Amino acid sequence: MRKILHYTLAMMALSTTLGVQASGKSVYDSLGCSSCHGIDGKPATPAYPALAGKDVTWFVKQLKDFQSSVRKDPTMNAMAPMVVGYEQAIADYLSKQ
Ligand code: HEC
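Values in this document were obtained by computation on a predicted structure and should not be read as measured data.

K.L.:
Describe the site of the ligand, naming the residues involved and giving the relevant values.
P.N.:
Around the ligand lies a shell of 17 residues, among which C33, C36, H37, R71 and M76 are the nearest. One nitrogen or oxygen atom from the side chain of H37 is found 2.7 Å from a nitrogen atom belonging to the ligand. Between an oxygen atom of the ligand and a side-chain N or O atom of R71, the distance comes to 2.8 Å. The site holding the ligand turns out to be the largest pocket. Of all the secondary structure elements, the ones that give two or more residues to the shell around the ligand are α3 (33-37), α4 (56-67) and α5 (74-79). Ranked by residue count, the leading element in the shell around the ligand is α4, at four residues. Residues belonging to the shell around the ligand are distributed by class as follows: twelve nonpolar, three polar and two charged.

Here is the structure:
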């Protein structure tokens, strides 16, 4: 997980340097969000909330609330800080699934 994260962050830094914004899908997939929330935000088990087809504004707020721990969940409080700057891109991508 840590290696994947470092690789992802390196790729994001490179993308930014090249002036290319990583897509919401690539961030979502490479950070392992899909391991719980499923491919394209459609989880295989009801243990995890579906993220497909949600309202963009609501989605971004949930991520920011997890980042600031206004919304508390140990897993998401750890995951959400990894997507700072990509909240909108991930929300846009998943809202269309
Ligand atoms: C290890 C499993 C796991 C991973 C990985 C994970 N999540 Fe979650 N996520 C959860 C759980 C469990 C909840 C429900 C938390 C709660 O009950 O408040 C949740 C909730 C959420 C919610 C709120 C959904 C709702 O219906 O209220 C969003 C948005 C979200 N996750 C996005 C992400 C994103 C984006 C990533 C990747 C950066 C991610 N999650 C990675 C387990 C995970």
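K.L.:
Can you tell me about the coordination of the iron atom of the ligand, naming the residues and giving the values?
P.N.:
For a metal with four donors in a tetrahedral arrangement, the ideal angle between donors is 109.5 degrees, while six donors in an octahedron ideally sit at 90 or 180 degrees. Here the iron atom of the ligand is held by the protein donor atoms H37 (NE2) and M76 (SD), which lie 2.0 to 2.2 Å from it. The site at the iron atom of the ligand holds six donor atoms, and with the angles between them running 86 to 178°, its shape is octahedral. A residue pair is termed long-range when its members are at least 10 positions apart, and H37 in helix α3 and M76 in helix α5 qualify at 39 residues. According to the relative accessible area criterion, H37 is buried, its value standing at 10%.

K.L.:
Please set out the packing of aromatic side chains residue by residue, giving values where relevant.
P.N.:
Given two aromatic rings, their pairing is described by the distance between the two centres and the angle made by the two planes. Summed over all chains, the structure comprises two aromatic pairs. Between W58 and F59, the ring centres sit 6.4 Å apart and the planes meet at 70°, which makes this aromatic pair edge-to-face.

K.L.:
Would you mind going over the pattern of salt bridges in detail, with residue names and values included?
P.N.:
Evaluation of the coordinates by the stated rule reveals four salt bridges. The salt bridge involving K64 is made with E87; its shortest N-O contact spans 3.9 Å. Highlighted residues: K64 in helix α4 and E87 in helix α6 (residues 87-95), separated in sequence by 23 residues. Through salt bridges with shared partners, a single ionic network connects K25, D29 and D40.

What counts and how
- Residues numbered from 1 in each chain as written.
- Predicted model: local features only at pLDDT ≥ 70, side-chain atom pairs only at ≥ 80, totals over all residues.
- Heavy atoms only, no water.
- Near = heavy atom within 4 Å.
- Polar contact = N/O pair within 3.5 Å; in protein donor to acceptor, adjacent residues only side chain to side chain.
- 1 Å grid on protein atoms, 1.4 Å probe; cavity = no way out; pocket = protein on both sides within 12 Å on 5 of 7 lines; lining within 4 Å.
- Sits in = over half its atoms within 2 Å of the grid points.
- Helix = DSSP H or I, 4+ residues; strand = E, 2+ residues; numbered from the N terminus.
- Nonpolar A, V, L, I, M, F, W, Y, C, P; charged D, E, K, R; others polar.
- Donors = N, O, S within 2.8 Å, 3.2 Å for Na, K, Ca; no water.
- Tetrahedral: all angles 85-135°; square planar, octahedral: opposite > 155°, others 65-115°.
- Buried < 20%, exposed > 50% of the residue type's maximum accessible area, 1.4 Å probe, protein only.
- Phe/Tyr/Trp six-rings, centres within 6.5 Å; stacked < 30°, edge-to-face > 60°.
- Salt bridge = Lys/Arg side-chain N within 4 Å of Asp/Glu carboxyl O.

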